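Structural features, examined
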Amino acid sequence: MESAAKTPKSLTLPWTTRITLWLLDIGLNLIMRKDGTVNRGLLKLVPLTPPSSEPINGVKTYDVVVDPTRKLWFRVFVPTQYTVEDLPVMVFCHGSGYIVASADTQLYDDFCRKFARELHVIVVSVDYRLAPEHRHPAQHEDGLDVLKFLDVEENRSKWLPGNANITKCFIAGDSAGGNMAHHVAVRASQFNFQQLQVQYILTLFETSPRSSVAEERMVNYFVAKKLMVVGLVSIQPFFGGEERIGSEIRLNGTAPVLTLKQTDWFWNAFLPLGEPYNRDHPVVNVSGRYAVDISKMDLPPTIVVVAGFDILRDWQIRYYEWLKKSGKEVYLVDYPNMFHGFNLLPELPESDQLILEVKDFIHNVLNKI
């Protein structure tokens with residue numbers, strides 16, 4: 001798990017998978033306009049999956065609105081075969097370059113459903129605002145606000161099943177969602193969850209005299225129930241920089257998914273306008289010269305998934321090495337014969353292997369708590 005495997009010289013894929021990837025690439029290029037906008041009209045052709053109160057493949061789903069003014073919501077995936085046992089919560093951030101996809105996109109609905117069923121977790125899939133209509137930091141603010149929403153006991157008692165354990169919360173994401181998961185985890189490490197409830201209880205005690213022992217017990221009760229991020233699952237995270245590095249040069253134009261032209265377009269759509277930002281901004285080049293010092297932050301154990309035919313591979317390995325150098329617990333899983341986004345294609349055996357790797361990671365993290 002700790003070392004990167006050697007990448008084969010050529011990629012071996014079923015012809016059905018190659019056709020799927022070819023169609024996805026054509027569709028992506030069609031929606032990316034030259035003026036930097038997204039053709040949202042064409043995206044109406046992308047298949048969506050409605051929520052299902054009746055279980056599908058052992059998982060039922062429903063949608064929860066966090067803030068209607070910015071259309072922030074999430075989809076909850078509840079595995080129905082585990083109704084009694086205490087289940088961790090996994091907050092998932094979908095990928096697709098920060099510009100497309102949603103929590104109800106069929107590809108991500110299927111993936112999160114599989115995560116919930118196979119990992120024995122309750123998945124909360126965030127439908128965050130998209131670029132270029134909403135640029136950084138809107139997406140990361142949305143991610144943290146979902147965590148804040150879940151931290152309020154009234155919200156989670158209303159919207160999460162009774163066996164959801166918010167003190168065992170994982171943040172996960174693939175591609176741009178992997179980038180987002182990292183930055184949301186950093187923000188979460190600096191936020192004092194349950195502070196609103198504790199402040200409210202202290203206010204009650206100020207207006208209604210009670211013993212200090214009762215006050216302490218009440219505060220401890222809420223602190224014991226606060227949201228705690230205990231693990232980070234980063235699947236082929238979307239990072240980059242101004243420098244063109246090995247895998248970008250070697251695989252540009254030959255990998256079945258992503259080109260430098262596309263990734264540059266994504267970053268231009270994502271970064272704020274009117275400011276001197278480039279791809280060495282720490283939100284993009286997370287481990288570069290402008291990197292945030294995380295050495296003293298309480299970041300959770302992390303699993304980083306990379307693939308041999310992903311042009312972002314070397315940036316992802318730099319991310320892994322940076323976490324390790326910063327003193328964080330981090331594990332690397334390498335799929336040398338895979339490509340960017342392979343996790344979304346269930347016909348590939350590696351997508352099932354990934355589930356097993358993440359399951360082991362979750363198990364190991366929870367055993368240490």
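Residues numbered from 1 in each chain as written. Predicted model: local features only at pLDDT ≥ 70, side-chain atom pairs only at ≥ 80, totals over all residues. Heavy atoms only, no water.

1. Some words on the nonpolar core
L147, L150 and F339 are the most contacted members of the largest nonpolar core, which has 114 residues in total. The element best represented in this core is helix α6 (residues 176-189), accounting for seven residues. Each residue touching F339, except ones within four places of it in the same chain, is listed here: L11, L13, T17, L21, Q236, P256, V257, A307, F309, L345 and L348. (Core = buried A, V, L, I, M, F, W, Y, C linked by side-chain atoms within 4.5 Å. Buried < 20%, exposed > 50% of the residue type's maximum accessible area, 1.4 Å probe, protein only. Helix = DSSP H or I, 4+ residues; strand = E, 2+ residues; numbered from the N terminus. Contact = heavy atoms within 4.5 Å.)

2. Some remarks on the packing of aromatic side chains
Enumeration over the complete set of coordinates arrives at 17 aromatic pairs. Measuring from centroid to centroid gives 4.9 Å for F191 and F193, while their planes differ by 70°, and the two rings are edge-to-face. Among the residues examined, F193 registers a relative accessible area of 6% and is labelled buried. One aromatic cluster in this structure is built from Y98, Y128, F238, W265, F266, W267 and F270. (Phe/Tyr/Trp six-rings, centres within 6.5 Å; stacked < 30°, edge-to-face > 60°.)

3. A few points about the pattern of salt bridges
Under the criterion given, the structure shown has 18 salt bridges. When the shortest N-O distance is used, the salt bridge between R40 and E133 registers 2.8 Å. Taken together, the residues span a long stretch of sequence, with R40 in helix α2 (residues 40-43) and E133 in the loop between β4 (122-127) and α4 (138-151) at a distance of 93 residues. Note that D63 and R75 form a salt bridge whose closest N and O atoms lie 2.7 Å from each other. Note that D63 is positioned in strand β1 (residues 59-67) and R75 in strand β2 (residues 72-79), a separation of 12 residues in sequence. (Salt bridge = Lys/Arg side-chain N within 4 Å of Asp/Glu carboxyl O.)

4. Thoughts on the environment of Y62
With respect to the helices and strands, the residue Y62 is situated in strand β1. With relative accessibility at 24%, the residue Y62 sits in the partly exposed group. Taking the C-alpha atoms as reference points, Y62 and L160, separated by 98 residues in sequence, lie 10.0 Å from one another. Non-local contacts of Y62, meaning those with residues more than four positions away in its chain, are made with P51, F74, R75, V76, V78, W159, L160 and P161.

5. Comments concerning the pairing of strand β7 (residues 302-309)
When you tally the buried positions in β7, you get eight out of eight residues, the bulk of the element. Bridge count between strand β6 (residues 229-235) and β7: four bridges; the pairing is parallel. Bridge pairing in β7 places L232 opposite T302. Pairing geometry for β7 and strand β8 (residues 330-339), over seven bridges, is parallel. (Pairing = 2+ DSSP bridges.)

Distances and angles like these do not, on their own, reveal function.
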